[in-house]
Amino acid sequence: DAKTTQPPSMDCAEGRAANLPCNHSTISGNEYVYWYRQIHSQGPQYIIHGLKNNETNEMASLIITEDRKSSTLILPHATLRDTAVYYCIVRVVYNFNKFYFGSGTKLNVKP
Amino acid sequence: GAVVSQHPSRVICKSGTSVKIECRSLDFQATTMFWYRQFPKKSLMLMATSNEGSKATYEQGVEKDKFLINHASLTLSTLTVTSAHPEDSSFYICSAQGGGSGANVLTFGAGSRLTVL
């Protein structure tokens, strides 16, 4: 039941910003946008989430368009350790609603 | 931050045997945990929602009798793959909501890789 569309893969040079897009054109008013990443053969790691305002934490920034139909995850200075599959998920935040994963974007950070 | 521990990380078993995977929230209570399955180079597929003190709810197409889930306490959920066959070989990942990462964030375990011979 994934409601997001992401490019299957992207490349980024080490030290440069990585901008990962996500389309969620059918998002409803009470759904948040979450980003997780999965490094090979590990469990997913939480990165950031937001409703409509842009958000920033120690890992990344999340930019959500005004109409909320798309968002961009920004890793300001990508390192080789940021190579992973990045998942964008939309989810209603109450009553332990479920996370459904889409296909994600494989980010390849290159030296 | 919140930590979810899974055990074992890897297990190899013979066809026809049952395997139990444990999922523990180490520093917080989780009334709800989720179990996922992941095939190589594929995304995570939600299998079931584990609710403390009540029956698990399964996603469409997931066999309840094949994948038994028990959530006996606020910090422990178990997934038992019964009468395992080679097609059950997969990466199984649990997750729990709450703890230091925030009530609205899912924390995932490191996963358990099952190989059925």
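Keep in mind that what you see is a predicted model, and the values were worked out from it rather than measured. As a convention, each chain's residues are numbered from 1 in the sequence order in which they are written. Whichever chain is written first is A, and whichever ligand is written first is 1; the rest continue in order. Whole-chain, interface and lining totals are the exception, using all residues; otherwise, since this is a predicted model, local features are given only for residues with pLDDT of at least 70 and side-chain atom pairs are given and counted only at 80 or more. Excluded from the side-chain calculation are hydrogens and water; included are all heavy atoms of the structure.

Thoughts on the pattern of salt bridges
For this analysis, a salt bridge means a side-chain nitrogen from Lys or Arg found within 4 Å of a carboxyl oxygen belonging to Asp or Glu. Applying the stated criterion across every chain, the model contains six salt bridges over all chains. For K3(A), the salt bridge goes to E31(A), with nearest N and O atoms at 2.8 Å. One end of the pair, K3(A), is in the segment before β1 (9–13); the other, E31(A), is in strand β3 (residues 31–38), and 28 residues separate them in sequence. When a residue's accessible area, from a 1.4 Å probe over protein chains only, is under 20% of the maximum for its type it is buried; when over 50% it is exposed; and in between it is partly exposed. The class for K3(A) is partly exposed, based on a relative accessible area of 40%. Given a relative accessible area of 4%, E31(A) falls into the buried group. In this structure, K66(B) engages D88(B) in a salt bridge whose closest nitrogen and oxygen atoms are separated by 2.9 Å. Taken as a pair, K66(B) in the loop between β6 (57–58) and β7 (67–73) and D88(B) in the loop between β8 (76–81) and β9 (90–97) lie far apart in primary sequence, 22 residues in all. Judged by its relative accessible area of 11%, K66(B) is buried. The helix and strand labels rest on DSSP assignments: H or I over at least four residues marks a helix, E over at least two residues marks a strand, and numbering proceeds from the N terminus.

Quick word on the interface of chain A and chain B
Two residues qualify as a contact provided that any one of their heavy atoms is within 4.5 Å of a heavy atom in the partner residue. Of the residues lining the interface, 20 residues belong to chain A; the matching set on chain B comes to 21 residues. The quantity reported as buried area is the accessible area (1.4 Å probe) lost by two parts once they are put together, taken as the sum for both. For the pairing of chain A and chain B, the buried interface totals around 1,600 Å² over both sides, and the portion due to carbon and sulfur atoms is 57%. Summed over the shared surface of chain A and chain B, the number is one salt bridge. Think of a polar contact as two N or O atoms within 3.5 Å of one another; within protein, one of them needs to be a possible hydrogen donor and the other a possible acceptor, and neighboring residues in sequence only count if both atoms come from side chains. Counting the contacts that link chain A with chain B gives nine residue pairs in polar contact (both at pLDDT 80 or more). Of all the elements in the fold, those that place two or more residues in the side of chain A that touches chain B are β3, β4 (45–50) and β8 (84–92) of chain A. At three residues, β3(A) tops the list of elements feeding residues into the side of chain A that touches chain B. Asp, Glu, Lys and Arg are counted as charged, while Ala, Val, Leu, Ile, Met, Phe, Trp, Tyr, Cys and Pro are counted as nonpolar; the rest, among them Gly, fall into the polar class. Its residues placed into classes, the side of chain A that touches chain B shows ten nonpolar, eight polar and two charged.

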